[in-house]
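Chain by chain, the residues run as shown.
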Amino acid sequence: MRTRRPTPYMINVRDIAHHPGEMREHSLTVVPTERWGEGLVAVEDGREIDLDVRLESVHEGILVTGEAETFYDGVCGRCLTAITQPVEVEIQELFTYPGNETSDYEVQDDHVDLENLVRDAIVLSLPFQPVCQPDCPGLDPVTGERLAEKPGTEPREPIDPRWGALQQFTDEGRGA
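Residues numbered from 1 in each chain as written. Predicted model: local features only at pLDDT ≥ 70, side-chain atom pairs only at ≥ 80, totals over all residues. Heavy atoms only, no water.

(A) Spotlight on unusual backbone geometry. One non-glycine residue, Asp-109, adopts positive backbone phi at about 50 degrees. Tracing the chain through its elements places Asp-109 in the loop between β6 (82-96) and β7 (111-113). You will see that Asp-110, though not glycine, has its phi angle at about 60 degrees, which is positive. Inspection of the secondary structure puts Asp-110 in the loop between β6 and β7. (Helix = DSSP H or I, 4+ residues; strand = E, 2+ residues; numbered from the N terminus.)

Okay, here's the thing in structure tokens:
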């Protein structure tokens, strides 16, 4: 049996393992050594993640319940402005004892390793199309300027060339 090198995400559960009903609470701060996420936003390496977890011993293994809080960095999907927003996720997973049914998470050498659990929960909670503000108007399709910086201008939809000839009738109706 090979032993794993302890990481900041590993918590010793020797005192509660195989003692159903026992519980321990832990608060820790961890720092990922690589970027988490591949889209417009990600949790950058070196960004602190605060974890508050409760470890409960049950017959099948150790039930981990808790919260992770950090910030993600990236760009707005509409106007490409740099953004930093908080991200909070709840986690809950059963780390089974070795020898039981195979599962994604197991108690190994009297430790639970929270890294994959926390990373998966945070990355899956990152927005696919992040925005700097809920009503971000985006960029002007013609000039590429940020519409939020040009007050009073309404974004104009590009006119389909097939309907372009009719545009003169609507302009005449407005007195243009």
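(B) Spatial organisation of the pattern of salt bridges. Per the counting criterion, the structure on display carries six salt bridges. In this structure, the salt-bridge partner of Asp-110 is Arg-14, at a minimum N-O distance of 3.3 Å. Taken together, the positions of Asp-110 in the loop between β6 and β7 and Arg-14 in the loop between β1 (10-12) and β2 (23-30) put the pair 96 residues apart, joining distant regions of the chain. Take Asp-110: its relative accessible area is 28%, and that puts it in the partly exposed class. Residue classification places Arg-14 among the exposed residues on the basis of a relative accessible area of 54%. Here Glu-44 ties to Arg-35 by a salt bridge, and the two come within 3.1 Å at their closest N and O atoms. Three or more residues are tied together by salt bridges with common partners; here these are Asp-15, Glu-22 and Arg-24. (Salt bridge = Lys/Arg side-chain N within 4 Å of Asp/Glu carboxyl O. Buried < 20%, exposed > 50% of the residue type's maximum accessible area, 1.4 Å probe, protein only.)

(C) Summary view of a negative patch on the surface. Negative charge collects at one region of the surface, where Glu-25, Glu-48, Asp-50, Asp-52, Glu-67, Glu-69, Glu-88 and Glu-90 lie side by side. Among the secondary structure elements, those contributing two or more residues to the negative patch are β4 (49-57), β5 (61-75) and β6. Positionally, Glu-90 belongs in strand β6. (Patch = residues over 30% accessible without salt bridge, like charges linked within 9 Å, V, L, I, M, F, W, Y side chains within 5 Å. Areas by Shrake-Rupley, 256 points an atom, 1.4 Å probe, with all protein chains shown as cover. Lys, Arg positive; Asp, Glu negative; His and termini not counted. Charge placed at Lys NZ, Arg CZ, Asp CG, Glu CD.)

(D) Quick look at the pairing of β5. In terms of strand pairing, strand β3 (residues 41-42) meets β5 through two bridges, oriented antiparallel. Within the sheet, the bridge partner assigned to Ala-42 lies in β5 and is Asp-73. Here β4 runs beside β5; their pairing, made up of eight bridges, is antiparallel. Bridge pairing in β5 links Leu-51 to Ala-68. (Pairing = 2+ DSSP bridges.)

(E) Expanded view of the side chain of Thr-70. With respect to the helices and strands, Thr-70 occurs in strand β5. Residue Thr-70 is classed as buried on the basis of its relative accessible area, which comes to 5%. Other than its neighbours up to four places away in sequence, Thr-70 contacts Val-43, Arg-47, Glu-48, Ile-49, Gln-85, Pro-86, Val-87 and Ile-122. (Contact = heavy atoms within 4.5 Å.)

(F) Structural detail: a nonpolar patch on the surface. On the surface, a nonpolar cluster with roughly 370 Å² of combined accessible area is contributed by Trp-163, Leu-166 and Phe-169. Relative to the helices and strands, Trp-163 resides in the loop between α1 (115-125) and α2 (167-173). The class of Trp-163 is exposed, set by a relative accessible area of 56%.

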